[in-house]
Amino acid sequence: MSYALEMCEKAKHCSMLSEMDTAVEHSYSPMPFPLSKPYICFGTEYVSEDFLIGDDSICIKENMLVRIDVSDESNGEYCRECARIVCTALTELDSQKRIVSISADKCCHDQKLGTYFINIKFGLREVRRSNNY
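Here the structure is a predicted model, which means the values were calculated and not measured.

What counts, and where the lines are drawn
- Throughout this document, residue positions are counted from 1 along each chain, in the order its sequence is written.
- Only residues with pLDDT of at least 70 are given local features in this predicted model, and only at 80 or more are side-chain atom pairs given and counted; all residues enter the totals for whole chains, interfaces and linings.
- Hydrogens are left out, water is left out, and the side-chain values use all remaining heavy atoms of the structure.
- Only DSSP runs of H or I reaching four residues or more are called helices, and only runs of E reaching two or more are called strands; each is numbered from the N terminus.
- Burial classes follow relative accessibility: with a 1.4 Å probe on protein chains only, a residue under 20% of its type's maximum area counts as buried, one over 50% as exposed, and anything between as partly exposed.
- Here a residue-residue contact requires only that any non-hydrogen atoms of the pair lie within 4.5 Å.
- For the purpose of counting charges, residues Lys and Arg are taken to be positive, whereas Asp and Glu are taken to be negative. His and the chain ends are not included.
- For salt bridges, the criterion is a side-chain nitrogen of Lys or Arg within 4 Å of an Asp or Glu carboxyl oxygen.
- We call a set of buried residues a nonpolar core when its members are Ala, Val, Leu, Ile, Met, Phe, Trp, Tyr or Cys and they connect through side-chain atoms within 4.5 Å of each other.
- Geometry of aromatic contacts follows a simple scheme: Phe, Tyr and Trp rings, the Trp one being its six-membered ring, pair when their centres are within 6.5 Å, and the pair is stacked under 30 degrees between planes, edge-to-face over 60, tilted otherwise.
- Only when the NZ atom of a Lys or the CZ atom of an Arg is both within 6 Å of the ring centre and within 35 degrees of the ring normal do we say a charge sits over the ring.

Draft legend 1. A look at the overall build of the protein. Counting its secondary structure elements, the protein contains two helices and seven strands. What you see in the protein, going N to C, is helices and strands ordered as α-β-β-β-α-β-β-β-β. For the protein, the proportion of its 133 residues judged to be buried stands at 39%. Put simply, of all contacts in the protein between residues at least 6 apart along the chain, 60% involve residues at least 24 apart.

Draft legend 2. View of the side chain of D94. Structurally, D94 is set in the loop between α2 (76–93) and β4 (99–104). Salt bridges are absent for the buried D94, whose nearest opposite-charge side chain, K97, sits at 5.8 Å.

Draft legend 3. Up close: the nonpolar core. By size, the foremost hydrophobic cluster in this structure holds 27 residues, and its most contacted members are F42, M64, V66, I68, V86, L90 and F122. Of all the secondary-structure elements, those providing two or more residues to this core are α1 (3–12), β2 (39–50), β3 (57–71), α2 and β6 (115–124). The element that contributes the greatest number of residues to this core is α2, accounting for seven residues. M64 has contacts with Y3, A4, M7, F42, G43, L90, I99, I120, K121, F122 and L124, leaving out every residue within four places of it along the chain.

Draft legend 4. Structural view of the packing of aromatic side chains. Applying the stated rule across the entire model yields zero aromatic pairs. Across the ring face of F117, the terminal group of R67 is positioned such that the distance to the ring centre comes to 3.9 Å.

Draft legend 5. Highlighting the environment of D21. Looking at where D21 falls in the secondary structure, it is placed in strand β1 (residues 21–24). It is 9.7 Å that separates the C-alpha atoms of D21 and I68, two residues lying 47 residues apart in sequence. Excluding residues that lie within four positions of it along the chain, D21 makes contacts with P32, K37, P38, Y39 and I40.

Draft legend 6. The pattern of salt bridges, seen in detail. Following the criterion strictly, the structure yields eight salt bridges and no others. Here E9 makes a salt bridge to K12, at a shortest N to O gap of 3.5 Å. Residue E9 and its partner K12 are both found in helix α1; the two are separated by three residues, about one turn of the helix. A salt bridge links D21 to K37, with the shortest nitrogen-to-oxygen separation between them at 3.5 Å. One end of the pair, D21, is in strand β1; the other, K37, is in the loop between β1 and β2, with 16 residues separating them in the sequence. For K37, a relative accessible area of 31% translates into the label partly exposed. Salt bridges sharing common partners tie together R67, D69 and D110.

Have a look at this one:
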């Protein structure tokens, strides 16, 4: 299970994010239109996998990607405020202390979707996963 999926489940029960909808990328659930509240989508970017000969585990490096969309009836400032709240909440929910860096793109307007959005990348500490089932 990716860390993004774990964090999405935690975010659904977080009081700071209770006013926002959450979803996982590739969950095949459509984004509600029009947006009545901020929408957070979690995804995973696998950076690398390494292993040592004779070792039964793989060292996985991944990034957690989060996209926040708000209705275009609000503005870019509201989108940035939502991003700040999401970053604060996710770092507090990070009980495994895997988040080592956070970087955000600038807030943009998507005319096709009718939303303002911001993409945030959370760099995660490498983990070892066993191949033994």
